[in-house]
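Understanding the architecture of this molecule
Here is how the chains run, residue by residue.
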Amino acid sequence: MDKDLGYQENGITNTFEAYNNSEEEVKLDGEDGQLDTSAHFVDERIYPMKSIKVERGFYTSYELKRKYDKKPSLVILDSDFQRESVWGIQQKRELIESILMGLPLPIFYFNQDKKGRLVVIDGRQRLNAIFSFMDNGFALDKLKILDEFNKKKFEDLDPVYQSKIEDYQLMAHVIQPMTPDRVKFDIFDRVNRAGTKLNKQEIRNALYQGKVTVLLNELSKTDEFNEATENYFLKDKRMKNRYLLIRFIAFYLYYNNQLYKNNNVADGLYQYSSDIDDFLGLAMDYLNSVPEETINEIKRITLDALRKISFYLGENAFRLIDINPDGSMKRYPININIFETLMLAMTFLPSERHELIPIIRNKVNDLKNDSSFRNSLNNHRDSDIKVGDRYLMIKRLIGEIANDKAYID
């Protein structure tokens, strides 16, 4: 969201059906604070100053345009997390006029990833306008001060004025790659506070653009995902569907010993320590570094698990169900932890064995009604203890199914 100088860019419920049939934001059972950038961390640690790596940089318009034009681009403008309306033509013209007048522009905010790419946090519309004009995408017109430039495109300007635009200095604050995600979340929140507040998954989607964001986007639109989640996310515009998916994939990678500290094999296997944001960031970073065949395998595993969910469990697979005193059924929204837990369980089970449907369905219903399991879905649900408890319960459930006569036969 661009500001100043006139360049403005723009718990539990008994009636979950209302979310599907209204324009309200999609709700998740268990999202309490997990998607909110203002939420406290499990251990409520305050990050040390040494972990904040934000540097001030100066770039010319020409330098940033050259980075943007590279293949692949080194300046990322089209971040999915950006939801502001697009600038009108006159806003773009007035921005170029301001540059020609030598007026200062508001500070830009970039996040620099490990590949050296600059993801634009604040300033996307301004850069779009500058780059478009330098590409002769529009002509200046209706200028109130420098009316002698009306009707002129970049190529029509005298060289001295072309150079003035190319050499114009843009000041930016650049978040460095070593900055922890928890700090980046806070910076994103502060920078974007005047607009629609971003949730953590939207920010992660900006920080880790690449193979993983393409994968999550594709999976969230599949028939398998929509069927398993009862079309609950068809109106989701806040990436909560992708949040569910990356949680499952991250825990799958973790329990299959594919995640390492700092994504460096030499540092040893990663140990989950109650920091879900660090964990999900590590998984997304890892997936951006793997070959396409690994991405395809993860996609296959995820779709296979979703198909098994639909086949074995059907409706309400990811929900808690209670019976009211009057005998009516109380259905909760889709639960984050039930999703990742049951999806993980499905990776152990065979596909489409009709004789197993009642066995698996009964075992899963028993699990969801178990007091210990429900306790693991309450406060500090992402602590290492409760995550470990759920995994042990799943292993036990799989063992019970495997020992059933119908399974063996």
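Further up the page is the structure itself.
Residues numbered from 1 in each chain as written. Predicted model: local features only at pLDDT ≥ 70, side-chain atom pairs only at ≥ 80, totals over all residues. Heavy atoms only, no water.

**Regarding the overall build of the protein chain**
Cut-off, in case you're wondering: Under the scheme used here, helices are H or I runs from DSSP no shorter than 4 residues and strands are E runs no shorter than 2 residues, and both carry numbers assigned from the N terminus. The buried label goes to any residue with under 20% of its type's maximum accessible area, the exposed label to any with over 50%, and the partly exposed label to all in between, with areas taken from a 1.4 Å probe on protein chains only. The Shrake-Rupley method, run with a 1.4 Å probe sphere, supplies the accessible areas, and residue values consider only the shown protein chains as cover.
What the protein chain contains, in helices and strands, is 17 helices and seven strands. For the protein chain, the proportion of its 409 residues judged to be buried stands at 52%. Accessible area for the protein chain stands at about 19,300 Å²; split by element, carbon and sulfur atoms hold 48% of it.

**Brief notes about the packing of aromatic side chains**
For the record, the criterion: Pairing of aromatic rings covers Phe, Tyr and Trp, the last counted by its six-membered ring, and requires centre-to-centre distances within 6.5 Å; plane angles under 30 degrees mean stacked, over 60 mean edge-to-face, and any other angle means tilted.
Applying the stated criterion to the full structure yields 22 aromatic pairs. A ring pair is formed by Phe 225 and Phe 339, whose centres lie 6.3 Å apart and whose planes are at 65°; its orientation type is edge-to-face. Placement of Phe 225 in helix α9 (residues 223-228) and of Phe 339 in helix α13 (residues 336-346) is noted, with a sequence separation of 114 residues between them. Across this residue pair, the class does not change: Phe 225 and Phe 339 are buried.

**Let's talk about the pattern of salt bridges**
To keep things clear, this is the line we draw: By definition here, a salt bridge exists when the distance from a side-chain nitrogen of Lys or Arg to a carboxyl oxygen of Asp or Glu is within 4 Å.
All chains considered together, the criterion is met by 20 salt bridges. Asp 69 is the salt-bridge partner of Lys 65, the closest N and O atoms lying 2.6 Å from each other. Of this pair, Lys 65 and Asp 69 both sit in helix α2 (residues 61-69), four residues apart, which is roughly one turn of the helix. Residue Lys 65 is classed as buried on the basis of its relative accessible area, which comes to 7%. Given the relative accessible area of 37%, Asp 69 is considered partly exposed.

**A word on the packing of helix α8 (residues 211-220) against helix α10 (residues 240-255)**
Rule in force here: Under this scheme, a helix contributes an axis fitted over its contacting stretch, all axes are lines through C-alpha atoms, and angles between N-to-C directions fall in the 0 to 180 degree range. With respect to orientation, any angle under 35 degrees is reported as roughly parallel, any angle over 145 as roughly antiparallel, any angle of 65 to 115 as roughly perpendicular, and every other angle as oblique. By convention the crossing between two helices is left-handed if the near helix lies anticlockwise of the far one by an angle smaller than a right angle, and right-handed if it lies clockwise. Note on contacts: a residue pair is in contact if any heavy atoms of the two residues lie within 4.5 Å. Each residue is assigned to one class: nonpolar for Ala, Val, Leu, Ile, Met, Phe, Trp, Tyr, Cys and Pro, charged for Asp, Glu, Lys and Arg, and polar for all the others, Gly among them.
Packing of α8 against α10 brings their axes to within 9 Å, and their N-to-C directions diverge by 115°. As far as their axial angle goes, α10 and α8 are roughly perpendicular. The handedness of the crossing between α8 and α10 is right-handed. Between α8 and α10, the residues in contact are Val 212, Thr 213, Leu 215, Leu 216, Asn 217, Leu 219 and Ser 220 and Asn 241, Arg 242, Leu 245, Ile 246 and Ile 249, respectively. Considering only residue class, the contact of α8 with α10 consists of seven nonpolar, four polar and one charged.

**A few points about α8**
Let me state the cut-off plainly: The arc in question is traced by the directions running from the helix axis to the C-beta atoms.
Three or more residues of α8 are buried, namely Val 212, Thr 213, Leu 215, Leu 216, Leu 219 and Ser 220. For α8, the buried positions fall inside an angular range of 160° around the axis, keeping them on one side. Summarising the contacts, the buried residues of α8 are in contact with α7 (200-207), α9, α10, α11 (276-289) and α12 (292-312).

**Focus: a nonpolar patch on the surface**
Counted only if it meets this: Any residue with relative accessible area above 30% and no salt bridge may belong to a patch, with like charges joined within 9 Å and the nonpolar Val, Leu, Ile, Met, Phe, Trp and Tyr side chains within 5 Å.
Nonpolar side chains collect at one region of the surface, where Met 101, Leu 103 and Ile 145 lie side by side and expose about 240 Å² of accessible area between them. In this structure, Leu 103 sits in the loop between α3 (89-101) and β3 (108-112). A relative accessible area of 32% places Leu 103 in the partly exposed class.

**Overview of the nonpolar core**
Which entries qualify depends on this criterion: Put simply, a nonpolar core is a bunch of buried Ala, Val, Leu, Ile, Met, Phe, Trp, Tyr and Cys residues held in one set by side-chain atoms that sit within 4.5 Å of each other.
Counting 85 residues, the largest nonpolar core has Phe 279 and Phe 318 as the members making the most contacts within it. In terms of residue count, α10 provides more of this core than any other element does, 11 residues in total. With near-sequence residues (within four places) excluded, Phe 279 lies in contact with Ala 250, Phe 251, Tyr 254, Leu 259, Tyr 270 and Tyr 272. In this structure, Ile 99, Phe 110, Phe 133 and Leu 170 belong to the second largest nonpolar core, which totals 32 residues.

**What to know about α7**
Basically, it comes down to this: N or O atoms within 3.5 Å of each other form a polar contact, as long as, within protein, one can give a hydrogen and the other can take it, and as long as residues adjacent in sequence are counted only when both atoms are side-chain atoms.
For α7, a buried count of eight out of eight residues is recorded, marking the element as mostly surrounded by other parts of the structure. Taking the backbone nitrogen of Gln 201 as reference, a side-chain oxygen 3.0 Å away marks Asn 199 as the first, capping residue of α7.

**Points about the side chain of Arg 204**
Examined against the element boundaries, Arg 204 turns out to sit in helix α7. The class for Arg 204 is buried, based on a relative accessible area of 0%. Those residues in contact with Arg 204 that sit more than four places away from it in its chain are Phe 185, Tyr 243, Asp 277, Leu 280, Gly 281 and Met 284.

**A look at the environment of Gln 112**
Structurally, Gln 112 is set in strand β3. Through-space distance from the C-alpha of Gln 112 to that of Ile 76 is 10.0 Å; in sequence the pair is 36 residues apart. Once you skip the residues sitting within four places of it in the chain, Gln 112 turns out to touch Arg 117, Leu 118, Val 174, Ile 175, Gln 176 and Pro 177.

**Topic: empty space enclosed by the protein**
To keep it simple, the criterion reads: We place a 1 Å grid over just the protein atoms. Points where a 1.4 Å probe fits but has no way out form a cavity, open points with protein on both sides within 12 Å along at least 5 of 7 lines form a pocket, and any residue with an atom within 4 Å of a point lines it. Grid points are joined across faces, edges and corners, and a volume is the space filled by probe spheres set on the points.
Within this model, the largest cavity holds a volume of roughly 90 Å³. Surrounding the largest cavity, Phe 251, Tyr 255, Glu 340, Thr 341, Leu 344, Val 387, Arg 390 and Tyr 391 form its lining. Breaking the lining of the largest cavity down by element, the ones donating at least two residues are α10, α13 and α16 (384-402). For the lining of the largest cavity, a count of residues per class yields five nonpolar, one polar and two charged.

**Looking at the sheet that holds strand β4 (residues 118-122)**
Backbone hydrogen bonds hold the strands of a sheet together, and the pairing may be parallel or antiparallel. Threshold: If DSSP finds at least two bridges between two strands, the strands pair.
Pairing is mixed in the open sheet, where five strands are placed in the order β1-β5-β3-β4-β2. The two strands at the open ends of the sheet, each matched to only one other strand, are β1 (54-60) and β2 (75-76). Across two bridges, the pairing between β2 and β4 is parallel. Directly across from Val 75, in β4, lies its bridge partner Leu 118.

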